[in-house]
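Structural characterization, general
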Amino acid sequence: MKITVIGGGSWATAIVKILSESNVQIKWWMRCAADVEHIKKHHHNPHYLSSVEVHPSKVKPYTNLKESLRGSDWVILAVPAAFVADALKSVSAVNLADKKIISAIKGMIPSTNQLVTDWLADNYEVSHHNMGIIAGPCHAEEVALEKQSYLTIASPNIELATEFAEIMRCRFVKTSVLGDIYGVEYAAVMKNIVALACGITHGLGGGDNFQAVMVANAMQEIKRVVDTIAPMERDLSASAYLGDLLVTAYSQFSRNRTFGNMIGRGYSVKAAQLEMNMIAEGYYAVKCIFEMMEKYTVDMPITDFAYQILYKNASLKKQFSILQDKLK
Ligand SMILES: NC(=O)c1ccc[n+]([C@@H]2O[C@H](COP(=O)([O-])OP(=O)(O)OC[C@H]3O[C@@H](n4cnc5c(N)ncnc54)[C@H](OP(=O)(O)O)[C@@H]3O)[C@@H](O)[C@H]2O)c1
Ligand SMILES: O=P(O)(O)OC[C@H](O)CO
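Residues numbered from 1 in each chain as written. Chains lettered and ligands numbered in written order. Predicted model: local features only at pLDDT ≥ 70, side-chain atom pairs only at ≥ 80, totals over all residues. Heavy atoms only, no water.

Some remarks on the packing of aromatic side chains
To keep it simple, the criterion reads: The aromatic pairing rule takes the rings of Phe, Tyr and Trp, using the six-membered ring of Trp, and pairs them if the centres are within 6.5 Å, calling planes under 30 degrees apart stacked, those over 60 edge-to-face and the rest tilted. Secondary structure elements are taken from DSSP: a helix is a run of H or I of four residues or more, a strand is a run of E of two residues or more, and numbering for both begins at the N terminus. Three labels apply to residues, based on accessible area from a 1.4 Å probe with only protein chains included: buried if under 20% of the type maximum, exposed if over 50%, partly exposed otherwise in between.
Under the defined criterion, the tally for this structure stands at 9 aromatic pairs. Centroid distance W74 to F164: 5.0 Å. Interplanar angle 40°. Geometry classified as tilted. Taken together, the positions of W74 in strand 4 (residues 74-77) and F164 in helix 8 (residues 158-168) put the pair 90 residues apart, joining distant regions of the chain. Taken individually, W74 and F164 each receive the classification buried, so the pair is uniform in this respect. Their ring planes at 90° and their centres at 5.3 Å tell us that F210 and F320 sit as a pair that is edge-to-face. Residue F210 is found in helix 10 (residues 208-229), and its partner F320 is found in helix 16 (residues 316-326); the two are separated by 110 residues along the sequence.

In structure tokens:
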């Protein structure tokens with residue numbers, strides 16, 4: 001079994017570690033030639049999760065994407081959504097044909113406000129039947145530490161999801177499957193917005209009492225959005241939805257919460273992005289969801305709060321006060 005992993009960041013590195021526990025060959029593409037050389041020589045990613053050992057017998061790093069895709073059965077996309085088009089620019093639909101594509105991305109394509117799976121269908125002729133996503137509450141940093149984690153593989157093709165869930169299962173990762181690819185993908189996008197907003201309110205002095213109310217309200221906001229865009233019967237208390245919201249909103253490792261916290265403490269977006277050295281998907285998601293939902297009349301106080309602050313330069317204090325009045 002050959003699997004291409006696209007992306008050189010924290011989540012790609014964690015996925016490579018998980019896959020290395022199985023009997024598969026991993027072809028790992030990243031954009032930077034110096035990073036590939038470093039991994040070949042030192043068996044560690046120089047910039048992300050550097051404690052993770054990259055086994056040369058299992059993992060071959062590449063900078064040529066076409067070469068890395070040749071002969072692979074599965075392709076896992078693990079770059080932030082804003083960079084997917086750039087990452088895939090050297091390949092065409094023919095290079096992805098007959099492969100099963102898994103998106104590990106929890107974000108939307110900012111230029112088109114699309115889910116990554118829809119964008120792949122439109123631009124690379126990948127059928128949804130041949131696609132799945134990796135979801136669930138899981139921070140790359142805890143994978144590196146081999147802390148027990150749980151992933152959900154969602155796909156409209158349950159056979160594909162089950163096969164991939166088997167591949168991802170290992171000593172420290174348990175997996176399950178769901179058919180609700182849209183619901184899980186949109187909920188993952190929304191939880192990033194919520195974590196970012198939690199970070200902002202924390203930076204502004206909000207306490208645990210406030211955050212608990214905010215997360216409870218967030219679950220209702222996620223339900224309203226997901227039920228509007230992708231209506232179906234679903235149990236939003238499952239870990240792929242609620243679990244992911246909780247880990248992102250509360251964890252010390254959350255990129256989105258950390259980013260939001262800096263904004264709440266008065267950093268500009270640019271300064272926060274520079275200091276982070278990692279991508280907070282929620283920043284792009286706020287605009288995508290806000291614009292996408294404009295044609296509906298869905299109440300989204302938390303998304304509105306983050307949008308006004310990040311994209312309309314609104315007063316932090318005033319928006320915090322408006323949000324406080326709207327939550328119940
Ligand atoms: N981290 C987690 O715990 C976690 C868990 C679940 C899901 N996810 C999702 O996984 C996705 C990736 O996040 P991450 O945490 O791995 O991000 P990250 O650690 O910030 O890494 C970002 C990666 O994107 C690469 N990149 C930037 N611009 C690029 C471009 N134009 N073309 C190709 N690659 C480019 C960076 O390469 P350089 O290093 O060369 O700049 C880096 O390897 C996100 O959607 C995130 O929501 C993350
Ligand atoms: O660190 P965050 O906030 O980007 O969240 C990462 C994962 O999505 C948690 O499941």
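Some words on the packing of helix 9 (residues 181-203) against helix 14 (residues 281-292)
Two measures define how a pair of helices packs: the angle their axes make with one another and the distance between the axes. Heads up, the rule is: Here the axes come from fitting lines to C-alpha atoms, over the contacting stretch only for helices, and the angles between their N-to-C directions go from 0 to 180 degrees. Comment on the angle field: the value is read as roughly parallel under 35 degrees, roughly antiparallel over 145, roughly perpendicular from 65 to 115, and oblique elsewhere. Left-handed is the label given to a crossing in which the near helix is rotated counterclockwise from the far helix by less than a right angle, and right-handed is the label when the rotation is clockwise. The criterion used for residue contact is that any of the two residues' heavy atoms lie within 4.5 Å. Note on residue classes: Ala, Val, Leu, Ile, Met, Phe, Trp, Tyr, Cys and Pro are nonpolar, Asp, Glu, Lys and Arg are charged, and everything else, Gly too, is polar.
Relative orientation of the contacting elements helix 9 and helix 14 amounts to 115°, with a least axis distance of 8 Å. Classified by the angle between their axes, helix 9 and helix 14 sit roughly perpendicular to one another. Read as a crossing pair, helix 9 and helix 14 show a hand that is left-handed. Together, Y186, V189, M190, N192, I193 and L196 of helix 9 and E281, G282, Y283, A285, V286, I289 and M292 of helix 14 make up the contact between the two elements. A class-by-class count of the residues in the contact of helix 9 with helix 14 yields 10 nonpolar, 2 polar and 1 charged.

Some points on the UniProt feature "domain: Glycerol-3-phosphate dehydrogenase NAD-dependent C-terminal" (unreviewed entry) in the protein chain
Stated formally: UniProt positions are given in the numbering used here, feature names are shortened, and annotations may be inferred rather than shown by experiment.
What UniProt calls "domain: Glycerol-3-phosphate dehydrogenase NAD-dependent C-terminal" (unreviewed entry) maps, in this numbering, to residues 180-318. Helix makes up 73% of residues 180-318 and strand 0%. Its end C-alpha atoms lie 38 Å apart.

Concerning the site of ligand 2
Note the following rule: A molecule or strand has a residue near it when one of that residue's heavy atoms lies within 4 Å. Polar contact is defined as a pair of N or O atoms within 3.5 Å, subject to the rule that within protein one atom must be able to donate a hydrogen and the other to accept it, and that residues adjacent in sequence are counted only when both atoms are side-chain atoms. Per-residue accessibility takes into account occlusion by the displayed protein chains alone, with areas from the Shrake-Rupley method and a 1.4 Å probe.
Around ligand 2 sit 13 residues, and of these K106, K191, D244, S254 and R255 come closest. Within the contact set of ligand 2, an oxygen atom lies 2.9 Å away from a side-chain nitrogen or oxygen of K106. Within the side chain of H139, an N or O atom sits 3.1 Å from an oxygen atom of ligand 2. For ligand 2, the protein covers 91% of the area, taking 310 Å² as the surface of the free molecule. Elements that contribute at least two residues to the shell around ligand 2 include exactly helix 11 (239-250) and helix 12 (255-264).

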